[in-house]
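Close look at the chain arrangement
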Amino acid sequence: MILDKIFNPVRQLAEHGKLSGVLLIIATGASLLLSNSHSAASYLGLWNSEIGFSFLHKSLLHWINDGLMPIFFLLVGIEIKREMVTGELSKVKQAVLPVFAAIGGILAPAYIFYIFNMRDAETLHGWAIPTATDIAFSLGILSLLGNRVPFAVKVFMTALAIIDDLGAILIIAVFYSSDLQLTMILLALAVFIVMILFNRFNVTFPLIYLFLGGLLWYFTMKSGIHPTIAGVLTAFAIPAKMAEELEHLLDKPVYYFILPLFALANTAIPISFELTGSMFSGLSMGIILGLFLGKPIGILLATVIMVRSGISTLPTNTKWMHIAGMGLTAGIGFTMSIFIASLSFSDPLLTNAAKLAIIVGSFLSAIAGVIVLRLSPRVLGES
């Protein structure tokens, strides 16, 4: 009973990918088909159509990436906060292995990308693209494999993916912000401080935090820092009880509406001879091999170092083959990788080449991960 109370939040998160992963695949397939059909011009034009107000006018694609995705990052921030307070990241001994594994899974793909792009300053700007893990897809594959994957590995993967998301958030904040406006940064900081103070003084009225969160989003966007950061900051500023209620409220809309809509808008890729030819470019190979090789190598190497040095131990019932398979599934970048790709380049050809490479690398990682985990020792007594 006690163990259920401890692991249930993590178990629920580990189950997310089942339906949402299917919806993401359907949305991606539909978007690619429409982008290369007789209706391509109308479909592509839809996402570029301008809507908004006199003080805030953006394309539909930008509204999804800058307006809806901060809600996804709010949910991610809540999950990170929960794990740091009561979950797998709340104790140093529990957190040390997934933390170092996640760091390895960020550094190795970035290095592989750098090798392929170090002589091209323009494409090198996309170095962070293969460092990300799609939490919904990766955990969905682990959960669908049943007792081929020990529950402890699913917990480990959950913690690793959450740390990976935190790393992606920091990367976006530091490396993918431009034309910074000091006044707007100070206004955003002031709003964040007010939210923290309200929390300290036990102000629990939700509308206040939602209003302040909206202001934080606006000032952050106007500051030159990507507005997704506002979602994470809001998650850390709101009271724990409200965060828990918001998580339950946002869970289904995010995974079953916002992310599929994001996939529809961001995989609208017209495939041309020029684009397919770019699949062997440094940009594409850096992304594909960064995801497919960099992720498992970085995660496995970091785990080996931590275990062999005696600093940590493998999760319960876990074999090295499980870690290798988990590392491969972590190479499914998709949502976060595509999001970073959309921030990396101004040239549409480079952006589309990067997105197509992400789809290829993620597909290869998923297939290889399933094969390795299917061949891994079955764990009796686990579902």
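You'll find the structure just up there.
Here's a quick rundown of the structure. (Residues numbered from 1 in each chain as written. Predicted model: local features only at pLDDT ≥ 70, side-chain atom pairs only at ≥ 80, totals over all residues. Heavy atoms only, no water.)

Let us look at the packing of helix α10 (residues 206-223) against helix α11 (residues 228-237). The geometry of α10 relative to α11 is characterised by a closest axis approach of 9 Å and an angle of 150° between their N-to-C directions. Relative to α11, the element α10 lies roughly antiparallel. Every pair of crossing elements has a handedness; the one defined by α10 and α11 is right-handed. Residues Y209, G213, L216, W217 and T220 of α10 form the contact with α11, whose own contacting residues are A230, L233, T234 and A237. Tallied by class, the residues present in the contact of α10 with α11 amount to six nonpolar, three polar and no charged. (Axes fitted to C-alpha atoms, helices over the stretch in contact; angles between N-to-C directions. Helix = DSSP H or I, 4+ residues; strand = E, 2+ residues; numbered from the N terminus. Parallel < 35°, antiparallel > 145°, perpendicular 65-115°, else oblique. Left-handed = near helix turned anticlockwise from the far one by under 90°. Contact = heavy atoms within 4.5 Å. Nonpolar A, V, L, I, M, F, W, Y, C, P; charged D, E, K, R; others polar.)

In this structure, the largest pocket spans a volume of roughly 830 Å³. Of all the elements in the fold, those that place two or more residues in the lining of the largest pocket are α3 (40-48), β2 (56-59), α4 (60-85), α10, α12 (240-266), α16 (334-344) and α17 (348-375). The class makeup of the residues in the lining of the largest pocket is 15 nonpolar, 15 polar and six charged. (1 Å grid on protein atoms, 1.4 Å probe; cavity = no way out; pocket = protein on both sides within 12 Å on 5 of 7 lines; lining within 4 Å. Points joined across faces, edges and corners; volume = space filled by probe spheres on them.)

Moving on: unusual backbone geometry. Although it is not a glycine, N202 sits at a positive phi angle of roughly 60°. Tracing the chain through its elements places N202 in the loop between α9 (182-200) and α10. Residue class for N202 comes out exposed when judged on its relative accessible area of 63%. (Buried < 20%, exposed > 50% of the residue type's maximum accessible area, 1.4 Å probe, protein only.)

Attention shifts here to the nonpolar core. Side chains of a nonpolar character, in soluble globular proteins, are inclined to be buried together. Judged by nonpolar contacts, the single largest core of 103 residues is most densely connected at F73 and I287. Top contributing element to this core by residue count: α12, with 12 residues. Residue contacts for F73: discarding those within four places in its chain leaves I169, I172, T228, G231, V232, M336 and F339. (Core = buried A, V, L, I, M, F, W, Y, C linked by side-chain atoms within 4.5 Å.)

Count 3.6 residues to each turn of an α-helix, and residues three or four apart come out pointing the same way. Across its 26 residues, α4 extends 37 Å between first and last C-alpha, which sits within 8% of the 38 Å expected from 1.5 Å per residue. Of all the bends in α4, the greatest reaches close to 35° and is centred on M69; the proline P70 follows between one and four positions later. Most of α4 is tucked away, with 19 of its 26 residues classed as buried. (Expected span 1.5 Å × (residues − 1). Bend = angle between axes of the 7 residues up to and from the residue.)

The next thing to look at is the packing of aromatic side chains. Here the structure, examined in full by the defined rule, presents seven aromatic pairs. With 5.8 Å between their ring centres and 90° between their planes, Y43 and W47 make a pair best called edge-to-face. Taken together, the residues Y43 and W47, both in helix α3 and four residues apart, mark about one turn of the helix. Each member of the pair, Y43 together with W47, is buried. One aromatic cluster is present, formed by F72, F73, F262 and F339 through successive ring pairs. (Phe/Tyr/Trp six-rings, centres within 6.5 Å; stacked < 30°, edge-to-face > 60°.)

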